[in-house]
Amino acid sequence: MYKRFQDKVALVTGAAQGIGRRVAERLVEEGARVVAVDRSELVFELQDELGAGARILALTADLEQFAECHRVAAAAVERFGRLDILINNVGGTIWAKPYEHYQEHEIEAEVRRSLFPTLWCCHAALPHMLEQGAGAIVNVSSIATRGVNRVPYGAAKGGVNALTACLAFENAGRGIRVNATAPGGTEAPPRRIPRNTAQQSEEEKVWYQQIVDQTIDSSLMKRYGTIDEQVGAILFLASDEATYITGVTLPVGGGDLG
C-alpha cells in the first residue's frame, strides 16, 4: 500500500457512508490522520473500526450550518495540530423529477444540501491552510450538471464547480490547490439513512429510472462506476502526485463529461 498521506491531516465530510467512508478508510490506510464528519452517528462506527493508534477523530455536525463547519475545522487543528487536506463530500440528490414539479422548499433544500456545506467548509479550512502556506481541497461535484430530472441539484453542483475554479485562482500563489471530481453513476450499497424517507410514487419511480437510463446512456462505458473508482480520483487530486494540478473539475463518469 502506498503511504502518500503519511502524517498528513485530512478532514472528510459525509464520511459515514458510501464514497466518503471509503475515502476516510483509504486515507488512514495510507498513513493520514483523519477527521471524519457526518450528521449521522454512524460515523462513530468508522472511528471504532479504524481508531487504532488514535489516527481518526469522528465528529457529528450539520454542515449546512456555517458555524458547524468552522467548529469541525477548529476541532481538527486542535486535535492534530494542522489541516492539510479537505475532502468536501456532503451532498446528493434528495428528489428526482422534472423541474416544474419541484416545490419552492425542495429547490432550496437541494441547493442547501449540495452547495452550502462545500462553501462553508472551504471558508472554515482555508485560514488554517493559509497559515501553513500549504493545503489541498477536493470538492465532490457531479456530472449531473448536465442531466435530467435533477435541475436544482445540478445547479448546486454547478456552483461547486465555479467555487472550485475561483478559489483555486485566488489561492494558487499561496500554496493552496483546489480541485474537484465529478462522479457519474456509482454502484453503492443501499444507504442506511436515505436522503428522502418518503415512499416513491409510481410516477417518481419512472422519473428516477429516467436518470439511471440517461446516466448509463451518457457514459461511453455504458455502466455505473464503483466506489473505489471514485475514491481513486479523489485521493489522486488530494495527493502530492497532483501538485501541478489546480482549478480542475475531473469527470469520473466512464467518458461522460457532464
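Residues numbered from 1 in each chain as written. Predicted model: local features only at pLDDT ≥ 70, side-chain atom pairs only at ≥ 80, totals over all residues. Heavy atoms only, no water.

### Let's talk about the pairing of strand β1 (residues 9-13)
For β1, the tally of buried residues reaches five of five residues, placing the bulk of the element in the interior. Regarding the hand of the β-α-β motif, the stretch spanning β1, helix α1 (residues 18-29) and strand β2 (residues 33-38) is right-handed. (Buried < 20%, exposed > 50% of the residue type's maximum accessible area, 1.4 Å probe, protein only. Helix = DSSP H or I, 4+ residues; strand = E, 2+ residues; numbered from the N terminus. Right-handed = clockwise from strand over helix to strand, strands pointing away.)

### Things to note about unusual backbone geometry
Not every positive phi belongs to a glycine, and Asp7 is a case in point at roughly 65°. Its location among the elements puts Asp7 in the segment before β1. One non-glycine residue, Lys222, lies in the positive phi region at around 55°. Relative to the helices and strands, Lys222 resides in the loop between α7 (202-218) and α8 (227-238).

### Description of the environment of Cys121
In this fold, Cys121 is placed in helix α5 (residues 116-132). We classify Cys121 as buried; its relative accessible area is 2%. A C-alpha to C-alpha distance of 8.2 Å links Cys121 and Leu86, two positions 35 residues apart in sequence. Residues in contact with Cys121, not counting those within four places in the same chain, are Thr13, Leu63, Cys69, Leu86 and Asn88. (Contact = heavy atoms within 4.5 Å.)

### Considerations on the packing of α5 against helix α6 (residues 151-171)
As a packed pair, α5 and α6 sit with axes 12 Å apart at the nearest point and diverge in direction by 15°. When the axis of α5 is compared with that of α6, the two are roughly parallel. In the packing of α5 onto α6, the handedness of the crossing is right-handed. When α5 is examined against α6, the residues Thr118, Leu119, Cys122, Leu126 and Leu130 are found in contact with a partner set consisting of Val160, Leu163, Leu167 and Asn171. Within the contact of α5 with α6, the residues separate by chemical class into seven nonpolar, two polar and no charged. (Axes fitted to C-alpha atoms, helices over the stretch in contact; angles between N-to-C directions. Parallel < 35°, antiparallel > 145°, perpendicular 65-115°, else oblique. Left-handed = near helix turned anticlockwise from the far one by under 90°. Nonpolar A, V, L, I, M, F, W, Y, C, P; charged D, E, K, R; others polar.)

### A few points about the pattern of salt bridges
Think of it this way: side chains of opposite charge can pair up when their charged atoms draw near. Here the structure, examined in full by the defined rule, presents 19 salt bridges. One salt bridge in this structure joins Asp62 and Arg39, with 3.3 Å as the shortest N-O distance. Taken together, the residues Asp62 in the loop between β3 (56-60) and α3 (66-80) and Arg39 in the loop between β2 and α2 (43-50) connect sequence positions 23 residues apart. Using a relative accessible area of 27% as the deciding quantity, one classes Asp62 as partly exposed. Put simply, Arg21, Arg22, Glu25, Glu29, Glu49 and Asp228 are held in one network by salt bridges that share partners. (Salt bridge = Lys/Arg side-chain N within 4 Å of Asp/Glu carboxyl O.)

### What to know about the sheet that holds β1
What the seven strands build is an open sheet, ordered β3-β2-β1-β4-β5-β6-β7; its pairing is parallel. A single partner strand is all that each edge strand has here, and the edge strands are β3 and β7 (249-252). Averaged over all adjacent pairs, the angle separating strand axes in this sheet is 15°, with direction ignored. Bridge count between β2 and β3: five bridges; the pairing is parallel. (Pairing = 2+ DSSP bridges.)

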